[in-house]
Amino acid sequence: MKRREFIKRAALFPVAVGAAEVAQAADFINGSDPVSLNPEPATASPDTSTEDIPLIVSAPMLQNYAETSIGIAFAVSDMANGFVVIGRRANLSDGKTFKCGGYRTTEINDRVIQVRITGLKPATTYYYRIGADRIAYKGGYDMKVIGTETDSHIYKFTTAGKGARPHFCVINDTHVKWEPFGRAIDKIARLAPSCVIWNGDASNVEETIEAQQRIYLTPDIRRRDYAAEIPYLFCPGNHDLRGMANRHLERVWMYRQPEERQTRDWDLGRNFAVRMGDIALIGLDTAEDKLDTNPKFAGLFNSKAYREAQTEWLRDALKRKEIARAPFLVAFCHIPLYDDNPKHNPGDVTPDDKDPRYSSDFAMWQRTCARMWTPLLEKAHCQLIITAHQHHYKYHAPTKERPWAQIIGGGPEMGISDGRKNKSLFPTVIEGEVRDKHLHITIHNLLTGDVQETFEFAKR
Ligand SMILES: [Fe+2]
Ligand SMILES: [Fe+2]
């Protein structure tokens, strides 16, 4: 989308919901739905802003759920310096302001504001409000703030940690398809988990920041504030690496806080090992579904070294006290780590992924990652690996040789394949919750609205 078009769209669909949605919001507030829809628009201080277009053009998105930090991102329409006021009190009377950017300078940006909040307490609820200063920049000695806008809504979220509620949801392969994505977000709002793992292929091929902004910050769905109170974690899929903009997704979706990893792992900004109540959540990135040597990619991808670096990270992450002692260990990655279909390409067919034995010339599952990561996960008694990529929901029960279960989430296809009805193709929300000392997994079928299957896991 061209920048002008984006601004036009942003002005047409500001953070506030329309009249029909306000009615629905009232229903949700009166009913059992715990996620608020924001009924009020972002407001400009009347005497400071000189522009017609709102400066803040999205709800905030909570990125990188963690014990003591959070990332807060939102979209802006003009050169701005964003900030977040955050505190423990619901009225923010104890609020502390965090500006975007890091040391030395703040991050003046005309598209996406990213604010990193650190020093938080684990399993603690915080309230926050977003705001942005409109900047007129004419040169190194000639810059001023010409207006300040704040979102009138105060949001809240709860950090991860041993005391957090052990309840997650997983979405995957949303592929910029608004209908299934909207259904997933509605389901998640009703389930109200502590966090959501977005398990890859949020993108198709994205060449511009505007396109990425639309996927994560201003999606064409009813709940524009879908990630304002439920924090997200991200395991990239192969499509999330494709296109010039996706080579720097961190401009829209932040990397994790650097202090959460060793200097050796400086570039592993997506991997996570997070304790949430009785569950340890492990996030891995299986990277591309084609080999680095595939001529299609002209030597411009580096998945091999990335996967090897993650192996060392994983080895150490599993030894961390809060991870090693968690009663349940669940790992997430986009491309499956197991497959029993002999026609499915295992992703290690050199040099160009082509082999007549297989039904595709790209990886349907990742044997290389499986050989590096699953022995470590097995040693740690991982009960479940949740994956995606195949666009077809499947459950692989554990066996004697493979003591962990694998769930493959469904894709965005709504019961139709090549113009024909196919009820086996449906999007899913995978829900995990610890109740009665067991991890309960529920597969929600977003095509029928029914529960597809349920599973129960004992402590490791
Ligand atoms: Fe996909
Ligand atoms: Fe994929």
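The structure this text deals with has already been given above.
Throughout what follows, the structure given in this document is the object of discussion. (Residues numbered from 1 in each chain as written. Chains lettered and ligands numbered in written order. Predicted model: local features only at pLDDT ≥ 70, side-chain atom pairs only at ≥ 80, totals over all residues.)

Here we come to the sheet that holds strand β14 (residues 279-283). With mixed pairing, six strands are arranged side by side in an open sheet as β13-β14-β15-β16-β18-β17. At either end of the open sheet lies a strand with only one pairing partner, and these are β13 (272-276) and β17 (394-396). Neighbouring strand axes in the sheet, compared pairwise and without regard to direction, differ in orientation by 15° on average. Bridging between strand β15 (residues 328-332) and strand β16 (residues 384-387) involves three bridges; their strand directions are parallel. Note on β16: the bridge partner recorded for Ala331 is Ile385. (Pairing = 2+ DSSP bridges. Helix = DSSP H or I, 4+ residues; strand = E, 2+ residues; numbered from the N terminus. Axes fitted to C-alpha atoms, helices over the stretch in contact; angles between N-to-C directions.)

For the rest of this paragraph, the subject is the pairing of strand β22 (residues 438-445). Looking at chain direction, strand β21 (residues 428-435) and β22 are connected through eight bridges and run antiparallel. Bridge pairing in β22 places Glu433 opposite His440. Remark: two residues form the turn of the hairpin made by β21 and β22, two consecutive strands paired antiparallel; Asp436 in that turn has positive phi of roughly 50°. Linking β22 back to strand β23 (residues 451-457) in an antiparallel pair, the connection comprises five residues, with Gly449 at a positive phi of about 80°.

With that settled, consider helix α7 (residues 367-379). With 13 residues, α7 extends 18 Å from end C-alpha to end C-alpha; this agrees with the ideal 18 Å at 1.5 Å per step. Taking the largest bend as the criterion, α7 deviates by roughly 35°, centred on Trp373, and proline Pro375 comes between one and four positions later. Regarding α7, the residues found buried are Thr368, Cys369, Ala370, Trp373 and Leu377. In the stretch just after α7, His381 is the one whose phi turns positive, near 60°. (Expected span 1.5 Å × (residues − 1). Bend = angle between axes of the 7 residues up to and from the residue. Buried ≥ 20, exposed ≤ 12 C-beta atoms within 10 Å, placed from the backbone.)

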